[in-house]
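Here is how the chains run, residue by residue.
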Amino acid sequence: MAKKRATTLPDVTDRRIDSLLTLLAENPTIVISGAKIAKEIGVSRQAVWRWIQTLRDLGVHVKGHPRTGYHIERIPDILLPQLLSHRLYGTPFARRIFHYFKADSTNTIAMRLGAEGESHGALVIAEEQTAGRGRGGRSWISEKSTGITFSILLRPQIPPAYAPMLTLVAGLAARDAAAEDLDAVPDIRWPNDLLVGGKKFCGILTEMHAEPDRVGYAVVGIGMNVNQSKIPAELSDIATSLRIETGKTHSRMDLLFRLLRHLDRYYNQFLTEGAAPIVRRFSEVSSYYEGKRVRITTSTEAFTGTTSGLEPSGVLRVARDDGRGVEVILSGDVGEIA
Ligand code: BTN
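All of these numbers come straight from a predicted model, not from anything done at the bench.

(A) Local environment of the site of the ligand. The local shell around the ligand holds 21 residues, among which Ser105, Gln129, Arg133, Arg135 and Lys200 are the closest. At 3.0 Å, a side-chain N or O of Thr106 approaches a nitrogen atom of the ligand. At a separation of 2.9 Å, a nitrogen atom of the ligand approaches a polar side-chain atom of Gln129. Starting from 420 Å² of accessible surface for the ligand in isolation, the protein chains cover 98%. A per-element tally of the shell around the ligand places strand S8 (residues 199–210) first, with four residues. Residue composition of the shell around the ligand, grouped by class: five nonpolar, 12 polar and four charged.

What follows is the structure, encoded as structure tokens:
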């Protein structure tokens, strides 16, 4: 889907793999001849055979062989651009989708796209990340095709001081999308952690390139643990996945689609009505909004206090225990005090 670039951006998933898989996925259980596939995706029959092997190498169970034709018994939950693009029609995310089976970090790629002038709404998806980044220089683990790992490029006409609102907008969208798949009500720990049962299942990393008075472009990256059946031992006390919480697997495609629809809605609401309705919604769904006993760790200090709402720009207010008044937290880690 991406046009050819003069730069060193990694190659996206071949459009023909996308077409082949989309064709098979749209006709599950039907055996499609090699000749028909070749015609539909515009390659030779020998090439179809090679692409089928590639799909098998990627873990897709394609049945059949050149003489009988091919079919898949189970639609693989791969976040294919063509399928996604149809479903996202009417949103800015349908137009430019960059899909990778393996990428270093979708945020890194989206930031580079931003620097190259790629348009608003570009969506970068990876089935697996090898160098996923989290907040505060931490890393983010994204195993192959188990979670949702993507970044969007936005070009909002807002001052940099309002950029934290983008994280809130994304957090609300991810929260609403996940809530439909959960029995328990998810919580948002300001600014960007989605929790269920006190454990994190989704994180957001917002990065931007800004002039003093306006945001040039911003990248919002979201990582959601969806179908992981196990969390690494060192994280299992603090992290979880939708599958662990519900005991069932979830469609990553449906979740991502819902998330992006919600994101489009909240983002437009923010641009047209301002921060107030977003902050109000945050106050309804986050137990961290007000009255939460917290420990704050910033780059310069750590202190305890009680949350007391958000500023209109989306930053957190905390009444300090040490009597030094209400602190405005621009960035930092927020931990609940039991
Ligand atoms: C955090 O909770 O610290 C933020 C985690 C953000 C992870 C996502 S996964 C997609 C995007 N690409 C990255 O390298 N990071 C974000």
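(B) View of the sheet that holds strand S9 (residues 215–224). Taken together, the seven strands give an open sheet; going across it, the order is S3-S4-S5-S9-S8-S7-S6, and neighbouring strands pair in mixed fashion. Edge positions in the open sheet fall to strand S3 (97–100) and strand S6 (187–189), since each of these has one partner strand only. Neighbour-to-neighbour, the strand axes of the sheet open up by a mean angle of 20 degrees, direction not taken into account. Across nine bridges, S8 lies against S9 in antiparallel orientation. Bridging from a neighbouring strand, Ile204 pairs with Ile222 of S9.

(C) Representation of the nonpolar core. Core analysis: the largest hydrophobic core is formed by 89 residues, its most contacted members being Leu24, Leu123, Phe150 and Met224. Look past the residues within four positions of Leu24 in its chain and what remains in contact with it is Ile32, Ile37, Ile52, Leu55, Val62, Tyr70, His71 and Ile72. Listed in part, the 14 residues of the second largest apolar core include Leu9, Ala103, Ala122 and Ala126.

(D) Main features of helix H2 (residues 34–41). For H2, the complete set of buried residues consists of Gly34, Ile37, Ala38 and Ile41. The arc that holds every buried residue of H2, seen down its axis, measures 100 degrees, which confines them to one face. Buried residues along H2 sit against helix H1 (15–26), helix H3 (45–57) and strand S2 (69–72). Where H2 ends, the next residue or the one after it, Gly42, has phi of about 75 degrees, a positive value.

Scoring rules and cut-offs
- Residues numbered from 1 in each chain as written.
- Predicted model: local features only at pLDDT ≥ 70, side-chain atom pairs only at ≥ 80, totals over all residues.
- Heavy atoms only, no water.
- Near = heavy atom within 4 Å.
- Polar contact = N/O pair within 3.5 Å; in protein donor to acceptor, adjacent residues only side chain to side chain.
- Areas by Shrake-Rupley, 256 points an atom, 1.4 Å probe, with all protein chains shown as cover.
- Helix = DSSP H or I, 4+ residues; strand = E, 2+ residues; numbered from the N terminus.
- Nonpolar A, V, L, I, M, F, W, Y, C, P; charged D, E, K, R; others polar.
- Pairing = 2+ DSSP bridges.
- Axes fitted to C-alpha atoms, helices over the stretch in contact; angles between N-to-C directions.
- Core = buried A, V, L, I, M, F, W, Y, C linked by side-chain atoms within 4.5 Å.
- Buried < 20%, exposed > 50% of the residue type's maximum accessible area, 1.4 Å probe, protein only.
- Contact = heavy atoms within 4.5 Å.
- Arc of directions from axis to C-beta.

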